[in-house]
Structure formats: structure tokens, C-alpha cells
Amino acid sequence: MKLFKKSAILLFALLLIMSSFVFSASAAKSAVLYFSKNTVEVGDKVTVTVSVNPNEAMYGVQFYLEYDDEVLKYQSGSAGSAKAGVLEVVESPAGDKSVKYNFTFTAIKVGSSAITVKDCVYGALGSSGSVEKSFGGASAKLTVKDVALSNNANLKSLKVSGYSLSPSFSASKTSYTLKVPYETTKINISATTDDKNAKV
């Protein structure tokens, strides 16, 4: 009977300790990761946003953002330090319950890059002072496509400074005559494309 009582007391104490541990060590909500555009082509800029929202006052945030640096080139953002394919963020929110961090990348190569938020912690105030807590990471894939080629190779305008073309400009015409004085050594030609992404 005494052994049963001792076992029951020990079991109760163990359950109390376990429930206390689970409560104090529980991770905050996961980070949220999203992109400014879903379709990205080579040469495009894209903003990656990481949102941290544990719903309690934060006084420090730290995490790492990993990406494929052969597909994406880091341009600017909230990173404290940037190495090849890894950004480290160390920030000090002033008691904010929700914070967002933006990172701008340029797509430099066709392919896909996993973008991962990992090793995430934040500082909060507990009953006995500052407490470090973890929050879940996040991961998403960003796909970079090749630049879509246009089938529009037309000009929108063609002008020669100080002179008139013959015949008058038309997108369907590809040959023009221009009469200039014999001593002319230079003329200024300007042209704009019908497709704003095309180049002359």
C-alpha cells in the first residue's frame, strides 16, 4: 500500500513537471514567408517578406534566410550579414507583437530556389526577466523562368533630327530614303519599339 502511495505521488509530480515543461518550452507560431510576385523571369526583382507574429511583445529577433545564390542575387534588405546563399537577421523590436522583414533579390538564372527561414528565436519578458523563445521556420520555392520572347519586332517611331523620312514612317515599312547636304558627316536617329521590353 505504501509503495502504491509513493508511486502515485511520484507519478503526479512527474506529470506536473512534464506539463510545466511543455508549457514553458512551447514554440511560438511559425514564421510566414511570401513573395511580391509569383511569376519571376530572369532580370526581374522580387521581394521576399518574412513575417514573425508570436502574439507577444518581442525585444529581439534572430533567424537565417537561406537561398540559392546561383539563381537569385541578394540586393538589399534587413540582413545584418550576408554570405553566399545565407542571410542572418538580428533585429531589436521595441516590444512589437508582429514584425515584417523584406529582402530584395534579382533573378539571375533560370531555375528554382528553395527559400528557407531557419534557426528562429526571439526575446520576450518572462516573470524572472528576459526569456529566449523559438518560433517555427518556413520554406517555399521560387521558380525563375526565361524571359518570354515577343513576336512584335515593330518600331513605334523612327525620327531623324532636322530631316524628314521618305516615305513617311510606318511600322510596316523597313526601307527609307533621306536626303542630306553633301557636307553632312553626322545625323541623329532616334527610334522607339512598339514592345516596351524590346531593344533597338
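See the structure shown above.
Summary of the structure given here.

Conventions we followed
Residues numbered from 1 in each chain as written. Predicted model: local features only at pLDDT ≥ 70, side-chain atom pairs only at ≥ 80, totals over all residues. Heavy atoms only, no water. Helix = DSSP H or I, 4+ residues; strand = E, 2+ residues; numbered from the N terminus. Buried < 20%, exposed > 50% of the residue type's maximum accessible area, 1.4 Å probe, protein only. Contact = heavy atoms within 4.5 Å. Patch = residues over 30% accessible without salt bridge, like charges linked within 9 Å, V, L, I, M, F, W, Y side chains within 5 Å. Areas by Shrake-Rupley, 256 points an atom, 1.4 Å probe, with all protein chains shown as cover. Salt bridge = Lys/Arg side-chain N within 4 Å of Asp/Glu carboxyl O. Pairing = 2+ DSSP bridges. 1 Å grid on protein atoms, 1.4 Å probe; cavity = no way out; pocket = protein on both sides within 12 Å on 5 of 7 lines; lining within 4 Å. Points joined across faces, edges and corners; volume = space filled by probe spheres on them. Nonpolar A, V, L, I, M, F, W, Y, C, P; charged D, E, K, R; others polar. Core = buried A, V, L, I, M, F, W, Y, C linked by side-chain atoms within 4.5 Å. Axes fitted to C-alpha atoms, helices over the stretch in contact; angles between N-to-C directions.

Quick notes on the overall build of the protein chain
Reasoning step 1: The helix and strand inventory of the protein chain stands at one helix and 13 strands.
Reasoning step 2: Overall, the protein chain shows an N-to-C arrangement of helices and strands of α-β-β-β-β-β-β-β-β-β-β-β-β-β.
Reasoning step 3: By residue count, 24% of the 200 residues in the protein chain fall in the buried class.
Reasoning step 4: Within the protein chain, counting contacts between residues at least 6 apart in sequence, those at least 24 apart form 70% of the total.

Topic: the side chain of Asp195
Reasoning step 1: Checked against the element boundaries, Asp195 lands in the segment after β13 (189–193).
Reasoning step 2: Residues contacting Asp195, with those up to four places away along its chain left out, are Ser150 and Asn152.

Examining a nonpolar patch on the surface
Reasoning step 1: The grouping of Val180, Ile187 and Ile189 at the surface amounts to a nonpolar patch, some 240 Å² of accessible area in total.
Reasoning step 2: Residue position: Val180 is located in the loop between β12 (155–160) and β13.
Reasoning step 3: Residue classification places Val180 among the partly exposed positions, given a relative accessible area of 36%.

What about the pairing of strand β4 (residues 60–66)?
Reasoning step 1: Here six bridges tie β4 to strand β9 (residues 111–126), and the two strands are oriented antiparallel to one another. Bridging from a neighbouring strand, Gly60 pairs with Gly123 of β9.
Reasoning step 2: Relative to strand β7 (residues 86–91), β4 runs antiparallel, the two being bridged by six bridges. Within the sheet, the bridge partner assigned to Gln62 lies in β7 and is Val90.

Remarks on the layout of surface pockets
Reasoning step 1: Of the voids in this model, the second largest pocket is the one considered here, and its volume is about 170 Å³.
Reasoning step 2: If you go around the second largest pocket, the residues you meet are Val147, Ala148, Leu149, Ser150, Asn152, Asp195, Asn197 and Ala198.
Reasoning step 3: When its residues are assigned to classes, the lining of the second largest pocket shows four nonpolar, three polar and one charged.

Quick notes on the nonpolar core
One recurring pattern in soluble globular proteins is that nonpolar side chains are buried together.
Reasoning step 1: Residues Val50, Phe63, Leu65, Leu72, Phe103, Phe105 and Ile115 are the most contacted members of the largest nonpolar core, which totals 32 residues.
Reasoning step 2: Where this core is concerned, the elements lending two or more residues are β1 (32–35), β3 (45–52), β4, β5 (72–77), β7, β8 (99–107), β9 and β11 (138–145).
Reasoning step 3: The contact partners of Leu72, leaving out residues within four places of it in the chain, are Tyr67, Phe105, Thr106, Ala107, Ile108, Ser113, Ile115, Leu142 and Val144.

Regarding the sheet that holds β8
Reasoning step 1: The strand order across the open sheet built from four strands is β1-β3-β8-β5, with neighbouring strands paired in antiparallel fashion. In this open sheet, the two strands that pair with only one neighbour each are β1 and β5. Taking the axes of each pair of neighbouring strands and ignoring which way they run, one obtains an average angle of 25° across the sheet.
Reasoning step 2: Taken together, the eight bridges between β3 and β8 define a ladder with antiparallel strand orientation. Opposite Val50, over in β8, you have Tyr101 as the bridge partner.

Points about the pattern of salt bridges
Reasoning step 1: If you walk through the whole model with that rule in mind, you get three salt bridges.
Reasoning step 2: In this structure, Lys133 engages Glu56 in a salt bridge whose closest nitrogen and oxygen atoms are separated by 3.0 Å. Here Lys133, found in strand β10 (residues 129–134), pairs with Glu56, found in the loop between β3 and β4; they are 77 residues apart in sequence, far enough to count as distant.
Reasoning step 3: In this structure Lys133 comes out as partly exposed when scored by relative accessible area, which is 26%.
Reasoning step 4: With a closest N to O distance of 3.5 Å, Lys118 and Glu66 form a salt bridge. Of this pair, Lys118 sits in strand β9 while Glu66 sits in strand β4, placing them 52 residues apart in sequence.
Reasoning step 5: On the basis of relative accessibility, which here comes to 32%, the residue Lys118 falls in the partly exposed class.

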